[in-house]
Amino acid sequence: TCGICVEKCPFDAIEIINLPNELQDDPVHRYGENAFSLYGLPAPQEGQVTGILGPNGIGKTTAVRILAGELEPNLGRHDEDIDWDDVLEAYRGTELQDYIEDVRDGDVTVARKPQYVDQIPNSFDGNTRQLLEQTDERGALDELVERLEIGPVMDHSIDDLSGGELQRVAIAATLARDTDFYFLDEVTPYLDIGQRVTAARLIQELAEEEDRSMLVVEHDLAILDLLADTLHVAYGEPGAYGVITSPKSVRNGINEYLSGYLDNENMRIRPNPIEFEEHAPRSGGHGDTLIEYPDLTKSYGDGEFTLEVESGKIRENEVLGIVGPNGIGKSTFAKLLTGNLEADEGDADLDLNISYKPQYVTIDQHMRVDAFLSSITDQFGSSYWNTEIAQPLQLERIMEQNLSDLSGGERQRVAIAACLSDSADLYLLDEPSAHLDVEQRVQATSAIRRYAEQQDATVLVIDHDIYMMDLLADRMMVFDGEPAAHGRAGTPQSMRGGMNDFLANLEVTFRRDERTSRPRINKPDSQLDKQQKSDGEYYYAP
Ligand code: ADP
Ligand code: ADP
């Protein structure tokens, strides 16, 4: 046994090699006999952004409900009468003592941004302005609306907003509240990098300038690194138990997480490290050309939006990363390739069979996951399919569930599996990282790469997570221009050239962490930032 239970493990959680110290103590909360237990709590600090890094299903929501005073923790003694005074006693002398005292006295107010913004329209009728005005307790709405670029959709019905718009509205609604404690469960899904950086700055400013406590769960590591002042790593066995570590520095927390080994806890959380290559890793596959397209242009309406595409070649057997801001024409380009849309000038004229995963995954039929996937491929259930698709995408546990009951991350994994399982000449995945936790991003990345290699498949991936793009792509295609007005698509190029073009547009440079070679965003105007900009080396700096 792993030591949590005395007898046979009810959770199949017996692979734990050494018992983490935390598990020798009592949990903070246990939902019932043999039910999920949470060990450790994050410690929000006034004036600071506290990050949590770890998989879904590990007790973040449980922890936040405790910190919000909604759930009275039972210290693992679910059959005893435990109250806040007992909890306070258990935390006396820790960094949480003052906080828990305030919770006990009913003095903590909380604002919360939910993880799945796609569900907001189900609980709110009205337009953006009506939603936001209800929340404007700090009188900060005008600034939030301006910086998050919500202005154009202020009078749109919440039902009509895209995921990226809903995300920004939800962030504004949370930050406009006047509370002590703010909890944001993932800020980046559906946002482009510029929007991610803006959201990070707004959260930091609220902490620094107004002395508030911010707690953020985030799976985009480049943004988490930029955003947080301290970090708790969370690990455990989803559904069985979760451990939230003591706070670490952000740099150490992310490095230890990537290395798979937590130093202070003396705990291995993953068999293999996640490693980044220091220098431009792949200069692009050398495969034969799969597609060659000429210069193309496409306008909508009376030229409200115009896209110009520079001619290019897509190779067989490569993963081509596509980056650029939202509203710049990436999906339009994809539709020109698939023949769903005809160019005004130039003719893509492609006779290709394309398997497409859209950005907003809408599979929600009343159908079981296994029935859905077996209707797509007759490989379903073969040992090849199980090893290459089902296992890395962690589908086994959800095979018998209904599509309509899946969480956002589960639905994403099913949609990636469905896209890759179809037989096609070209696979196109639009934002596969959305709602996947870090671990799932890494696994999905390797599933997509292995699939491309083994099936001689060509895969196009649109995504905003820089780390994922670095691990995933052989070459890059960069879009720039002015969102919603005009876009320009460059020809596919090497990773180094692509990252340089892309990051030059954003004026963001990355340095390398000395210990792990992990890319880290430079402080604007720091010496390295200036040096790299003048050298034109934004990402793979020597
Ligand atoms: P996260 O936010 O990290 O995804 P949660 O805190 O929501 O995780 O849930 C952690 C675990 O606790 C899950 O396995 C969930 O099923 C379980 N759980 C959540 N609420 C309850 C409850 N009221 N009773 C029993 N188990 C629960
Ligand atoms: P991206 O995929 O980069 O976010 P899109 O290709 O979806 O960008 O859209 C680019 C611009 O074209 C946006 O301003 C969008 O509103 C506009 N647009 C997209 N489809 C249509 C359409 N069918 N009619 C009019 N405008 C459209």
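Residue positions within a chain follow its written sequence, with the count starting from 1. The order in which chains are written sets their letters, starting at A; the order in which ligands are written sets their numbers, starting at 1. Only residues with pLDDT of at least 70 get local features here, since the model is predicted, and only at 80 or more are side-chain atom pairs given and counted; chain-wide, interface and lining totals rely on the full set of residues. Here the side-chain values reflect all heavy atoms present in the structure, with hydrogen atoms and water set aside.

## A look at the nonpolar core
Now for step 1: Ranked by size, the top nonpolar core spans 82 residues in total, and within it L132, I150, L175, I203, M214, I466 and L503 carry the most contacts.
Now for step 2: What makes two residues a contact is simply this: any of their non-hydrogen atoms within 4.5 Å. With sequence-adjacent residues up to four places away left out, M214 is seen in contact with Q48, V49, T50, L175, Y182, L184, I203, L206 and A207.
Now for step 3: For this analysis, a nonpolar core means a set of buried residues of the types Ala, Val, Leu, Ile, Met, Phe, Trp, Tyr and Cys, connected via side-chain atoms within 4.5 Å. The buried label goes to any residue with under 20% of its type's maximum accessible area, the exposed label to any with over 50%, and the partly exposed label to all in between, with areas taken from a 1.4 Å probe on protein chains only. Core analysis: the next-biggest nonpolar cluster, separate from the first, contains 34 residues, L373, W385, I448 and V459 among them.

## Section: the packing of aromatic side chains
Now for step 1: Classification of ring pairs uses Phe, Tyr and Trp, with its six-membered ring standing for Trp, and accepts pairs whose centres are within 6.5 Å; under 30 degrees between planes counts as stacked, over 60 as edge-to-face, and the remaining range as tilted. Within this structure, the stated rule accounts for 11 aromatic pairs.
Now for step 2: Seen from their ring centres, Y39 and Y241 are 6.5 Å apart, and the 85° between their planes marks the pair as edge-to-face. Note that Y39 is positioned in strand β2 (residues 37–39) and Y241 in strand β8 (residues 241–244), a separation of 202 residues in sequence. Take Y39 and Y241: they sit in the same class, and that class is buried.
Now for step 3: Relative to Y539, the ring of F510 has its centre 5.1 Å away and its plane inclined at 70°; by these criteria the two rings are edge-to-face. Note that F510 is positioned in strand β23 (residues 510–512) and Y539 in the segment after α19 (527–535), a separation of 29 residues in sequence.
Now for step 4: Taken together through their ring pairs, the aromatic side chains of Y293, F333 and F479 make up a single cluster.
Now for step 5: Geometry around Y257 places R270 over its ring, the cationic atom sitting 5.0 Å from the centre. Only DSSP runs of H or I covering at least 4 residues are called helices, and only runs of E covering at least 2 are called strands; the numbering of each starts at the N terminus. Only when the NZ atom of a Lys or the CZ atom of an Arg is both within 6 Å of the ring centre and within 35 degrees of the ring normal do we say a charge sits over the ring.

## Examining the site of ligand 2
Now for step 1: Near ligand 2 you find Y300, F305, P325, N326, G327, I328, G329, K330, S331, T332 and A484, and these make up its full shell.
Now for step 2: Residue I328 places a main-chain N or O atom 3.0 Å away from an oxygen atom belonging to ligand 2.
Now for step 3: Polar contacts, as used here, are pairs of N or O atoms within 3.5 Å; protein pairs need one atom able to donate a hydrogen and one able to accept it. Residues neighboring in sequence count only if both atoms are side-chain atoms. Contact between ligand 2 and K330: an oxygen atom at 2.9 Å from a main-chain N or O atom of the residue.
Now for step 4: Note on areas: these come from Shrake-Rupley sampling with a 1.4 Å probe, and a residue is covered only by the protein chains present in the view. Notes on ligand 2: free accessible area 570 Å², of which the protein chains cover 61%.
Now for step 5: Considering every element that reaches the shell around ligand 2, the biggest residue donor is helix α12 (residues 330–338), with 3 residues.
Now for step 6: By residue class, the composition of the shell around ligand 2 is 5 nonpolar, 5 polar and 1 charged. Note on definitions. A residue lies near a molecule or strand when any single heavy atom of the residue is within 4 Å of it. The classification used treats Ala, Val, Leu, Ile, Met, Phe, Trp, Tyr, Cys and Pro as nonpolar, Asp, Glu, Lys and Arg as charged, and all other residues, Gly among them, as polar.

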